[in-house]
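Here is what each chain is made of, one letter per residue.
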Amino acid sequence: IQDGVTIQNGEACELMIDGELVLTGYIDRTEHSVQGDSFDLNIEIRSKTADLVDCSAGYNQIKDRSAQAVAEETFKPFDIQVKWELQRSPKKITWKIEPADTCFDVLTMIARECNMILTTNGAGDVVFTDAGTENVGTLTLGKEILTLSVVDDWSDRFSDYICVGDNQSYRD
């Protein structure tokens, strides 16, 4: 863009605040605007865990499998690690993954079934953890939050359509 720096959608990126890694992900959208001799660039980035929200988990039957095994199988196509920060071992689960279920749906099912909290860390890992009891702070508009913008955009929400059917053969 300027000084030989090129920013492209899909590029990997890290967001650091005061030297602390707070997000690892990809550039999702860039918006350039020029007015007179002024140039503005807005960059939207999402955690690499956003792929889990966007992608189907496929179709599968889970029967008496450990939560760790199901999570690791769900993460296999992605460059995402899973961290277990628990004081206990999660139970075994039984679940039918439907074709419309996303990978995130499977992870929230695991968290619900095993009474865990599902979150992420700055490295873009998925973290299963227990609930804490300590209030770690508040965010106040006008103090810690200086500007806030919300975009509600449903464009490009579908990519592949998969039809699954079960029908008796009429070839006889």
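Residues numbered from 1 in each chain as written. Predicted model: local features only at pLDDT ≥ 70, side-chain atom pairs only at ≥ 80, totals over all residues. Heavy atoms only, no water.

Trainee: Could you give an account of the overall build of the protein, naming the residues involved and the relevant values?
Mentor: The secondary structure content of the protein amounts to three helices and eight strands. From first element to last, N terminus to C terminus, the protein shows the α and β order β-β-β-α-β-α-β-β-α-β-β. The buried share of the protein, reckoned over its 172 residues, is 24%. Of the contacts made within the protein by residues no fewer than 6 positions apart, 52% connect residues no fewer than 24 positions apart. (Helix = DSSP H or I, 4+ residues; strand = E, 2+ residues; numbered from the N terminus. Buried < 20%, exposed > 50% of the residue type's maximum accessible area, 1.4 Å probe, protein only. Contact = heavy atoms within 4.5 Å.)

Trainee: Kindly report on the pattern of salt bridges, identifying the contributing residues and their values.
Mentor: Two side chains with opposite charge may pair up if their charged atoms get near one another. By the definition in use, this model includes eight salt bridges. The residue Glu73 makes a salt bridge to Arg65 at a minimum N-O spacing of 3.1 Å. Of the residues examined, Glu73 reaches a relative accessible area of 36% and is grouped as partly exposed. Using a relative accessible area of 27% as the deciding quantity, one classes Arg65 as partly exposed. A salt bridge links Lys96 to Glu98; the nearest nitrogen and oxygen atoms lie 4.0 Å apart. Through salt bridges with shared partners, a single ionic network connects Asp28, Arg46 and Asp54. (Salt bridge = Lys/Arg side-chain N within 4 Å of Asp/Glu carboxyl O.)

Trainee: An account of the nonpolar core is needed here, citing residue identities and associated values.
Mentor: Soluble globular proteins: nonpolar side chains tend toward being buried together. With 22 residues, the main nonpolar core has Leu52, Phe75, Leu107, Ile110 and Phe128 as its most contacted residues. Sorting the residues of this core by element identifies α2 (67-75), β6 (92-97), α3 (103-113) and β8 (126-129) as the ones contributing at least two each. Not counting chain neighbours up to four residues away, the residues in contact with Leu52 comprise Phe75, Phe78, Ile80, Thr102, Cys103, Phe104, Leu107 and Val126. (Core = buried A, V, L, I, M, F, W, Y, C linked by side-chain atoms within 4.5 Å.)

Trainee: Requested: an account of the packing of aromatic side chains, with residues and values cited.
Mentor: All chains considered together, the criterion is met by one aromatic pair. Consider the rings of Trp84 and Phe128, whose centres lie 4.4 Å apart with planes at 10°: the pair is stacked. Separated by 44 residues along the polypeptide, Trp84 in strand β5 (residues 82-85) and Phe128 in strand β8 bring together distant segments of the chain. (Phe/Tyr/Trp six-rings, centres within 6.5 Å; stacked < 30°, edge-to-face > 60°.)

Trainee: Explain the environment of Cys55 to me, and be specific about the residues and the numbers.
Mentor: The topology assignment puts Cys55 in the loop between α1 (50-54) and β4 (60-66). The exposure class of Cys55 is partly exposed, given its relative accessible area of 28%. When the C-alpha positions of Cys55 and Ala100 are compared, they lie 9.4 Å apart, and in sequence the two are 45 residues distant. Setting aside chain neighbours within four positions, we find Cys55 in contact with Phe78, Thr102 and Cys103.

Trainee: Break down the pairing of strand β1 (residues 12-17) for me, with residues and values.
Mentor: Here β1 runs beside strand β2 (residues 20-35); their pairing, made up of six bridges, is antiparallel. Its bridge partner lying in β2, Leu15 is registered against Leu23. (Pairing = 2+ DSSP bridges.)

Geometric values such as these leave the question of function open.
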